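Okay, here's what each chain looks like letter by letter:
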Amino acid sequence: GQGKTGPSPIALRNILNEALPQMVTSKMSEPALVFRTGRFANSARVDMIHQGPKGGIGVDYTYLREPYQTFEPGFKQGSTQRDPRKIIGESIRELATTILGRQPHTIRRV
């Protein structure tokens, strides 16, 4: 349900998870990771929504790390342009801003 503060954390997680694969797919183009099979886009999932004492929202997410973590900086094929965390983070921010009218404070991979 929605009150003054927006949907509950569980409802927000469910809404984000429903829309996330399509948003990730829309952001997959050169020089970032390129959409081929949909496996990466469909693996992105919001695990938990944290609501802080001052109303701030934090989002924890995960994705299929094997084999995509290799594109994170510091790994074998690491690149700031191909970083999967960037694609997923931007997607979550955009969706959350549309739903809540503001960006979450933190988005982190777990």
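Whatever comes next refers back to the structure up there.
Structure report, in brief. (Residues numbered from 1 in each chain as written. Predicted model: local features only at pLDDT ≥ 70, side-chain atom pairs only at ≥ 80, totals over all residues. Heavy atoms only, no water.)

**Remarks on the layout of surface pockets**
In this structure, the largest pocket spans a volume of roughly 300 Å³. Within the residue set of the lining of the largest pocket, elements represented by two or more residues are α2 (39–43) and α3 (65–68). The element best represented in the lining of the largest pocket is α2, accounting for 3 residues. Considered class by class, the residues forming the lining of the largest pocket number 11 nonpolar, 2 polar and 4 charged. (1 Å grid on protein atoms, 1.4 Å probe; cavity = no way out; pocket = protein on both sides within 12 Å on 5 of 7 lines; lining within 4 Å. Points joined across faces, edges and corners; volume = space filled by probe spheres on them. Helix = DSSP H or I, 4+ residues; strand = E, 2+ residues; numbered from the N terminus. Nonpolar A, V, L, I, M, F, W, Y, C, P; charged D, E, K, R; others polar.)

**A look at the pattern of salt bridges**
Summed over the entire model, instances satisfying the criterion amount to 5 salt bridges. Salt-bridge contacts for Asp60 lead to Arg108; the nearest nitrogen and oxygen are separated by 2.6 Å. Placement of the pair is Asp60 in strand β4 (residues 57–62) and Arg108 in strand β5 (residues 106–109), with a sequence separation of 48 residues. For Arg85, the salt bridge is made with Asp83, and the minimal N-O distance between the two is 2.8 Å. Counted as one network, the salt bridges with shared partners bring together Glu72, Asp83, Arg85 and Arg109. (Salt bridge = Lys/Arg side-chain N within 4 Å of Asp/Glu carboxyl O.)

**A few points about the packing of helix α1 (residues 9–26) against helix α4 (residues 84–100)**
Direction vectors running N to C along α1 and α4 enclose 130°, while the axes themselves pass 9 Å from each other. On the basis of their axis angle, the class for α1 and α4 is oblique. Between α1 and α4 lies a crossing of right-handed hand. Across the interface between the two elements, Leu12, Ile15, Leu16, Ala19, Leu20, Met23 and Val24 from α1 touch Ile87, Ile88, Ser91, Ile92, Glu94, Leu95, Ala96, Ile99 and Leu100 from α4. Its residues assigned to classes, the contact of α1 with α4 shows 14 nonpolar, 1 polar and 1 charged. (Axes fitted to C-alpha atoms, helices over the stretch in contact; angles between N-to-C directions. Parallel < 35°, antiparallel > 145°, perpendicular 65-115°, else oblique. Left-handed = near helix turned anticlockwise from the far one by under 90°. Contact = heavy atoms within 4.5 Å.)

Interpretation note: all reported values are geometric properties and have no functional meaning in isolation.
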